[in-house]
Amino acid sequence: MSRAYRTLLSTALLLALVVVSLGAYVRLSDAGLGCPDWPGCYGQLIGVPEQAHDVHAAQSAFPGKPVEAPKAWKEMIHRYAAGTLGLAIAALAVLAWRARARRRPWLEIALVGVVLIQALLGMLTVTKLLKPVIVTSHLLGGMSTLALLALLWLRERHPGRQPVSTPPGLRLLAAAALLAILVQIALGGWVSSNYAAAICADFPTCQGSWWPEMDTHHAFTLDRELGATASGALLPGAALTAIHWTHRLFAGLVLIVAGGLGLRLLTRAETRTCGRMLLAALGLQIGLGIANVLLQLPLPLAVAHNTGAALLLCATLAAVSRVFTRNEARGRFPAAGFPRRFQVVR
């Protein structure tokens, strides 16, 4: 692909990481409803109401929604960044479509579809008043955008990479590690969207117990409002405990599976770099998770934990991509009676 495409792709990948981090910052600083409408803010597409007459007009148009300019700015900066990312992805799709004779543009087209779904989820996040299943889906959409961009970047970064001869067991372990991390990200999003991160203030136990009182039924009922059960009653603390403790227990599984993959990759020269990256990202994420519990969720660390999840996902994708590199030699066969250097490439 052209240099312009590669430059735009690298920019979009970095911007996607920024958007994921900004989304976490908006959510964790309780600014998700800083703007009661979408895509503008109190009817303004540019800026937020700050002048006295603008604030009065906004309060008249949205009664019962007091204007909080700092929170509104956080939300709008996130939207501007997400909108810029959407335009960059659209440009990538156009460039890829023009070069479709040389390479299939399906990943870029899929990215455009994900961005459109993300825009819809962003609107529903506001109009449905931070309904947990929508907020979590929005987070997963952001991670999916980042993952697809990372796959594109890896493909452009190493177009002619030599294949790796890997045993089936290593490939199975790589697939299991990726699946475990995806599930853990979804569980982390569910913790965040339900504001259950601070329900367990001790480590490694929760509320002084290895098996605290939990309400898994209400905890994992998807169709309900924030802070409420499906029937509209107040969500019990035991449900929040179940959400938090499930995320923490599954982190142990991720540590075993992804850590095992990283250690296996270290034993092979051609995958050693991927193994180091994976283990570093995994160690960072586990450390941030523990620090958030012990320090009672300070905002910078909480945002860093979300960013760490994105980096861990990218590191795992790099490892999986390396392990599953296609063996281009499968398409070769020797012409009978000729030396190897005259083999015909199908």
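Whatever comes next refers back to the structure up there.
About the criteria used
- Residues numbered from 1 in each chain as written.
- Predicted model: local features only at pLDDT ≥ 70, side-chain atom pairs only at ≥ 80, totals over all residues.
- Heavy atoms only, no water.
- Phe/Tyr/Trp six-rings, centres within 6.5 Å; stacked < 30°, edge-to-face > 60°.
- Helix = DSSP H or I, 4+ residues; strand = E, 2+ residues; numbered from the N terminus.
- Buried < 20%, exposed > 50% of the residue type's maximum accessible area, 1.4 Å probe, protein only.
- Core = buried A, V, L, I, M, F, W, Y, C linked by side-chain atoms within 4.5 Å.
- Axes fitted to C-alpha atoms, helices over the stretch in contact; angles between N-to-C directions.
- Parallel < 35°, antiparallel > 145°, perpendicular 65-115°, else oblique.
- Left-handed = near helix turned anticlockwise from the far one by under 90°.
- Contact = heavy atoms within 4.5 Å.
- Nonpolar A, V, L, I, M, F, W, Y, C, P; charged D, E, K, R; others polar.
- Disulfide = S-S within 2.5 Å.
- 1 Å grid on protein atoms, 1.4 Å probe; cavity = no way out; pocket = protein on both sides within 12 Å on 5 of 7 lines; lining within 4 Å.
- Points joined across faces, edges and corners; volume = space filled by probe spheres on them.
- Salt bridge = Lys/Arg side-chain N within 4 Å of Asp/Glu carboxyl O.
- Patch = residues over 30% accessible without salt bridge, like charges linked within 9 Å, V, L, I, M, F, W, Y side chains within 5 Å.
- Areas by Shrake-Rupley, 256 points an atom, 1.4 Å probe, with all protein chains shown as cover.

*Asks:* Looking at this model, I keep getting lost on the packing of aromatic side chains. Mind explaining?
*Replies:* Within the structure shown, the criterion is met by one aromatic pair. Considering the side-chain rings of Tyr42 and Phe62, the 5.5 Å spacing of their centres and the 90 degrees angle between planes classify their relative orientation as edge-to-face. With Tyr42 in the loop between helix H1 (3-28) and helix H2 (52-61) and Phe62 in the loop between H2 and helix H3 (69-98), this residue pair connects regions lying 20 residues apart in the sequence. The class for Phe62 is partly exposed, based on a relative accessible area of 21%.

*Asks:* Would you explain the nonpolar core in this entry?
*Replies:* The tendency in soluble globular proteins is for nonpolar side chains to be buried as a group. The biggest cluster of nonpolar side chains holds 49 residues, and the ones touching the most others in it are Leu85, Met143, Leu149, Ile185, Leu261, Leu265 and Leu313. Elements with a contribution of two residues or more to this core: H1, H3, helix H4 (106-127), helix H5 (132-157), helix H6 (168-193), helix H8 (237-266), helix H9 (272-294) and helix H10 (299-323). The element that contributes the greatest number of residues to this core is H10, accounting for nine residues.

*Asks:* Would you take a moment to explain unusual backbone geometry for this structure?
*Replies:* Trans is the common state for peptide bonds, and a negative phi is the common state for residues other than glycine. With omega at 5 degrees, the peptide bond leading from Trp38 into Pro39 counts as cis. Within the secondary structure, Pro39 sits in the loop between H1 and H2. Of note, the bond from Phe203 into Pro204 is cis; its omega dihedral lies within 30 degrees of zero at 10 degrees. You can see Pro204 is positioned in the loop between H6 and helix H7 (216-219). In the Ramachandran plot, Asp30 falls in the positive-phi region, its phi being about 60 degrees despite a non-glycine side chain. When you line up the elements, Asp30 lands in the loop between H1 and H2. Here Asp30 falls in the partly exposed class, since its relative accessible area comes to 44%. Of note, the phi angle at Leu130 is positive, near 60 degrees, even though the residue is not glycine. Locating Leu130 in the fold gives a position in the loop between H4 and H5.

*Asks:* Sorry if this is basic, but what is going on with the packing of H5 against H10 here?
*Replies:* Packed helix pairs are characterised by how far apart their axes lie and by the angle those axes make with each other. Look at H5 against H10: their axes get within 10 Å of each other, and the N-to-C directions meet at 40 degrees. Relative to H10, H5 is oriented oblique. Pair H5 / H10 crosses with right-handed handedness. For the pair H5 and H10, contact is made by Leu139, Met143, Leu146, Ala147, Ala150, Leu151 and Leu154 and by Asn306, Ala309, Ala310, Leu313, Cys314, Leu317, Ala318 and Ser321, respectively. Split by residue class, the contact of H5 with H10 holds 13 nonpolar, two polar and no charged.

*Asks:* Explain the environment of Thr229 to me, please; I cannot follow it from the model alone.
*Replies:* Positionally, Thr229 belongs in the loop between H7 and H8. Look past the residues within four positions of Thr229 in its chain and what remains in contact with it is His218, Arg224, Leu234, Leu235 and Pro236.

*Asks:* Mind showing me how you'd approach the state of the cysteines here?
*Replies:* Throughout the structure, instances matching the rule amount to two disulfides. Here Cys35 engages in a disulfide with Cys41; their sulfurs sit 2.1 Å apart. Between Cys35 and Cys41, the disulfide has an S-S torsion of -90 degrees and is therefore left-handed. Since its relative accessible area comes to 0%, Cys35 is described here as buried. When its relative accessible area of 0% is taken as the criterion, Cys41 is described as buried.

*Asks:* Just to check I follow, could you spell out the layout of surface pockets for this structure?
*Replies:* Volume-wise, the largest pocket comes out at about 1,100 Å³. In this structure, the largest pocket is lined by 50 residues; those nearest its centre are Glu75, His78, Arg79, Gly122 and His138. Elements with a contribution of two residues or more to the lining of the largest pocket: H1, H3, H4 and H5. Top element by residues in the lining of the largest pocket is H3. It accounts for ten residues. Split into classes, the residues belonging to the lining of the largest pocket amount to 27 nonpolar, 16 polar and seven charged.

*Asks:* Before we go on, may I ask you to explain the pattern of salt bridges in this structure?
*Replies:* For side chains bearing opposite charge, pairing can occur when the charged atoms are close. One pass over the full model with this rule turns up nine salt bridges. Of the charged contacts in the structure, one is a salt bridge between Lys131 and Glu225, with a shortest N-O distance of 4.0 Å. One end of the pair, Lys131, is in the loop between H4 and H5; the other, Glu225, is in the loop between H7 and H8, with 94 residues separating them in the sequence. Given the relative accessible area of 41%, Glu225 is considered partly exposed.

*Asks:* For this particular structure, what's the right way to read a nonpolar patch on the surface?
*Replies:* Nonpolar side chains collect at one region of the surface, where Leu45, Ile46 and Tyr80 lie side by side and expose about 340 Å² of accessible area between them. Along the chain, the position of Leu45 falls in the loop between H1 and H2. For Leu45, a relative accessible area of 56% gives the class exposed.

*Asks:* It is not clear to me how the environment of Ala31 should be interpreted in this structure. Could you clarify?
*Replies:* Its location among the elements puts Ala31 in the loop between H1 and H2. A relative accessible area of 0% places Ala31 in the buried class. For the pair formed by Ala31 and Trp73, sequence separation is 42 residues and the distance between their alpha carbons is 8.9 Å. Other than its neighbours up to four places away in sequence, Ala31 contacts Val26, Lys71, Lys74 and Glu75.

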